[in-house]
Amino acid sequence: MKTKKKRWYDYLWIWSMLYFALGFFNILFAWLGMIDFLLPLAIALIGGNKWFCNHLCGRGQLFSLLGGRLGCSRGKPTPRWMSMKWFRYGFLVFFLAMFGTMVFQTYLVFAGVNSLKEAIKLFWTIRVPWDWTYTVGMAPDWIAQFSFGFYSLMLTSLLLGLIVMVFFKPRTWCAFCPMGTMTQGICKLKNKEHT
Amino acid sequence: MLSKKVARFEQSVCAACGACVKECPRSAVAIFKGCYAAVAAEQCVGCGKCAKICPTGCIVIEERRNEDEN
């Protein structure tokens, strides 16, 4: 059996790690995460496929590497309910609601109702000071507020993915990843005659 | 000569993440239009690598049936 040739996109796990490292030094880099939000949607909407999940997802690759080759996963079967439709779509709705709340918080700062909070929120509840990553005046307050909010979302989902990776299979996160669910839903709608 | 075992996919549970595609040493698995994974039964040797990596548990390795040989 021949070994599969490695391509440039097989190393995107480096990008995933770099993203979180950059956000540790300057929170404005959090905006780069929008690529991971918009690109899968664009590929699903235009191409009608999950090429992003299948080839470009650095996070999935990172879980494969840590949980697989580096042995950080127990490799136990993923609980069945985690890959059931009700949970996947339920988690997607919850995730989108949290994203909407974050955008609304950004709007409140933009409108001058709220002031900028230089902190991130882990698991949507735990406030963690993150003020060394931003100097007031570097950018409009709402730009910074979005960065803190978006980085919180990205870091929380990474931590969730790491937790399920340790307990279950390396890529358990993929079973209920909101982006994966959303793009699969789009593909199913686009290719309705085949599903 | 076809192997005695073959991978079977429960398409309604598949997340189409592509982990199985990367793992398959025979390139027998593909993601069908972003919807679910499908196996080319004549290529599959039933090694079970895809089932081991699959995060949703939608793959089972079964005895090959007659229709798989067609």
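Residue positions are counted from 1 within each chain, in the order its sequence is given. Starting at A for chains and at 1 for ligands, labels are handed out in the order in which the entities are written. Side-chain atom pairs in this predicted model are given and counted only at pLDDT of 80 or more, local residue features only at pLDDT of at least 70, and totals for whole chains, interfaces and linings cover all residues. Calculation of side-chain values draws on the structure's entire complement of heavy atoms; hydrogens and water are dropped beforehand.

## Side note on the packing of helix α1 (residues 13-25) of chain A against helix α6 (residues 141-167) of chain A
Residues and elements named next belong to chain A. Filter applied, for reference: As a rule, the C-alpha atoms of each element are fitted with a line to give its axis, helices using only the stretch in contact, and angles between N-to-C directions run from 0 to 180 degrees. Comment: elements are numbered from the N terminus, with helices defined as DSSP H or I runs of at least four residues and strands as E runs of at least two. Any angle from 65 to 115 degrees is called roughly perpendicular, while one under 35 is roughly parallel, one over 145 is roughly antiparallel, and all others are oblique. Two helices crossing with the near one rotated counterclockwise from the far one by less than a right angle form a left-handed crossing, whereas a clockwise rotation gives a right-handed crossing. Here a residue-residue contact requires only that any non-hydrogen atoms of the pair lie within 4.5 Å. When residue character is reported, Ala, Val, Leu, Ile, Met, Phe, Trp, Tyr, Cys and Pro are called nonpolar, Asp, Glu, Lys and Arg charged, and the others, Gly included, polar.
Put simply, α1 and α6 touch, their axes get as near as 11 Å, and they point 135° apart. Compared by their axis directions, α1 and α6 come out oblique. Regarding α1 and α6, the two cross each other, and that crossing is left-handed. Between α1, through Tyr19, Phe20, Gly23 and Phe24, and α6, the contact on the second element is made entirely by Phe150, Tyr151, Met154, Leu155 and Leu158. The class makeup of the residues in the contact of α1 with α6 is eight nonpolar, one polar and no charged.

## As for the packing of helix α2 (residues 34-47) of chain A against α6 of chain A
Residue and element names in this part refer to chain A. Two numbers describe how α2 lies on α6: the axes approach to 11 Å, and their chain directions differ by 70°. As far as their axial angle goes, α6 and α2 are roughly perpendicular. Here Met34, Asp36 and Phe37 of α2 come into contact with α6, specifically with Phe146, Phe150, Leu153 and Met154. Looking at the contact of α2 with α6 residue by residue, the class counts come to six nonpolar, no polar and one charged.

## Describing the nonpolar core
Residue and element names in this part refer to chain A. Heads up, the condition is: What makes a nonpolar core is a set of buried Ala, Val, Leu, Ile, Met, Phe, Trp, Tyr and Cys residues whose side-chain atoms join them at distances within 4.5 Å. Relative accessible area decides the class of each residue, using a 1.4 Å probe on protein chains only: under 20% of the type maximum gives buried, over 50% gives exposed, and in between gives partly exposed.
Counting 39 residues, the largest nonpolar core has Phe37, Phe148, Phe150, Tyr151, Leu155 and Phe176 as the members making the most contacts within it. Those elements that provide at least two residues to this core are α1, α2, α4 (58-69), α5 (85-110), β1 (119-122), α6, α7 (172-176) and α8 (178-190). With 11 residues, the single largest contributor to this core is α6. In contact with Tyr151, other than residues within four places in its own chain, are Tyr19, Phe20, Gly23, Phe24, Ile27, Ala30, Ile120 and Trp130.

## Observations concerning the confidence of the model for chain B
Test applied: The predictor rates its confidence in each residue with pLDDT, a number between 0 and 100.
On average, residues of chain B score 90 in pLDDT, and 94% of them reach the 70 mark or higher. The least confident element of chain B is strand β4 (residues 59-63) of chain B, whose mean pLDDT is 92; the most confident is helix α2 (residues 49-53) of chain B, at 94.

## Topic: the interface of chain A and chain B
The test is simple: Once two parts are joined, some of their accessible surface, as seen by a 1.4 Å probe, is lost; buried area is that loss totalled over both. When a carboxyl oxygen of Asp or Glu lies within 4 Å of a side-chain nitrogen of Lys or Arg, that pair is called a salt bridge.
Facing the 28 residues of chain A at the interface are 29 residues of chain B. Interface area, chain A with chain B, both sides summed: about 2200 Å², of which 50% is carbon and sulfur. The largest contributions to the chain A side of the interface with chain B come from Lys4, Asn54 and Arg171 of chain A, which together make up 25% of the buried area. At the boundary of chain A and chain B, one finds one salt bridge. Measuring nitrogen to oxygen at the nearest pair gives 2.7 Å for the salt bridge that ties Arg80 of chain A to Glu10 of chain B. Breaking the side of chain A that touches chain B down by element, the ones donating at least two residues are α3 (51-56), α5, α7 and α8 of chain A. For the side of chain A that touches chain B, the per-class residue count stands at six nonpolar, 12 polar and 10 charged.

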